[in-house]
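# Notes for the structure review
As a plain string of letters, each chain reads:
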Amino acid sequence: MMESEPPVPPHPAKDVTQHVGYLLKRAQAALRGAMDKVLREHGLTVPQYATLELLALHPGMSNADLARATFVTRQSGNVVLRGLQEAGLITRPATAEHGRARPARLTDAGHARLTAVQAAVYAVEQRMVDAVPAQRMTALLTDLDRIAAALEE
């Protein structure tokens, strides 16, 4: 039986904790933890907050579109929408006018909750931004976008 050479990592790294994927996951986990903490104080989850942000920008989005944009399954997206609707933060028609899509919109209470939580969430993002030298921010954003595009192909 022939022994094969071990695979070569895609870039020099002492161990797995220095690989790009590991560091991205570590950053994502840290972001999620910080977001969970500030959102919990406002009675929201990360998917709920993301849904409120998206509906403020794009009223009338469907469950499928919101699920894709918030990185959850359609089933989970529906649970998020039901919870937000029960809390009085969004409204959706009882039935769909066309197909099965029931466009969601923020209520006045939804706008108020979003406004109340945005400062806390933006403070989390500011902590991330402050960790990167200003002259490197544009390149970082471009690189993150390229990484995502390369993996989505």
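In what follows, the structure referred to is the one given above.
Here goes a summary of the coordinates provided. From a predicted model like this one, the values you see are computed outputs, not experimental measurements.

## Here we look at the overall build of the protein chain
What the protein chain contains, in helices and strands, is six helices and two strands. Reading the protein chain from its N end, one meets helices and strands in the order α-α-α-α-β-β-α-α. The C-alpha radius of gyration of the protein chain comes to 20 Å, more than 25% above the 15 Å expected for a compact globule of 153 residues. Principal-axis analysis of the C-alpha atoms gives the protein chain an extent of 65 × 40 × 25 Å. For the protein chain, the proportion of its 153 residues judged to be buried stands at 24%. Put simply, of all contacts in the protein chain between residues at least 6 apart along the chain, 45% involve residues at least 24 apart. In the structure as shown, the protein chain presents an accessible area of about 11,000 Å², 57% of it carried by carbon and sulfur atoms.

## Side note on empty space enclosed by the protein
In this structure the tally under the stated criterion is one cavity of 30 Å³ or more. Each pocket or cavity is described by its volume, and for the largest cavity that value is around 40 Å³. As for the largest cavity, its lining consists of P47, T51, L66, A67, T70, V72, G77, V80 and L81. Only α2 (46-57), α3 (63-69) and α4 (74-86) provide two or more residues apiece to the lining of the largest cavity.

## Section: the layout of surface pockets
For the largest pocket, the calculated volume is near 1,700 Å³. Lining the largest pocket are 40 residues, and of these A27, Q28, L31, M128 and L144 lie nearest its centre. Elements with a contribution of two residues or more to the lining of the largest pocket: α1 (20-40), α2, α5 (108-130) and α6 (134-152). Counting residues per element, the lining of the largest pocket draws most heavily on α1, at eleven residues. When its residues are assigned to classes, the lining of the largest pocket shows 30 nonpolar, two polar and eight charged.

## Focus on the packing of α1 against α2
The interhelical angle for the contact between α1 and α2, taken along N-to-C directions, is 80 degrees, at an axis separation of 9 Å. Taken together, α1 and α2 sit at an angle that is classed as roughly perpendicular. Across the interface between the two elements, R32, M35, D36 and L39 from α1 touch V46, P47 and Y49 from α2. Counted by class, the contact of α1 with α2 contains five nonpolar, no polar and two charged residues.

## Here's the deal with the pattern of salt bridges
Across all of its chains, the model carries three salt bridges by this definition. Here R32 and D36 are joined by a salt bridge, their closest N and O atoms 3.2 Å apart. Of this pair, R32 and D36 both sit in helix α1, four residues apart, roughly one helical turn. According to the relative accessible area criterion, R32 is partly exposed, its value standing at 36%. Judged by its relative accessible area of 25%, D36 falls in the partly exposed class. In this structure, D143 and R146 form a salt bridge, with 3.9 Å as the shortest nitrogen-oxygen distance. With D143 and R146 both in helix α6 and three residues apart, the pair spans about one turn of that helix.

Parameters at a glance
- Residues numbered from 1 in each chain as written.
- Predicted model: local features only at pLDDT ≥ 70, side-chain atom pairs only at ≥ 80, totals over all residues.
- Heavy atoms only, no water.
- Helix = DSSP H or I, 4+ residues; strand = E, 2+ residues; numbered from the N terminus.
- Rg over C-alpha atoms; globule rule 2.2 N^0.38 Å.
- Buried < 20%, exposed > 50% of the residue type's maximum accessible area, 1.4 Å probe, protein only.
- Contact = heavy atoms within 4.5 Å.
- Areas by Shrake-Rupley, 256 points an atom, 1.4 Å probe, with all protein chains shown as cover.
- 1 Å grid on protein atoms, 1.4 Å probe; cavity = no way out; pocket = protein on both sides within 12 Å on 5 of 7 lines; lining within 4 Å.
- Points joined across faces, edges and corners; volume = space filled by probe spheres on them.
- Nonpolar A, V, L, I, M, F, W, Y, C, P; charged D, E, K, R; others polar.
- Axes fitted to C-alpha atoms, helices over the stretch in contact; angles between N-to-C directions.
- Parallel < 35°, antiparallel > 145°, perpendicular 65-115°, else oblique.
- Salt bridge = Lys/Arg side-chain N within 4 Å of Asp/Glu carboxyl O.

In short, geometric facts, not functional conclusions.
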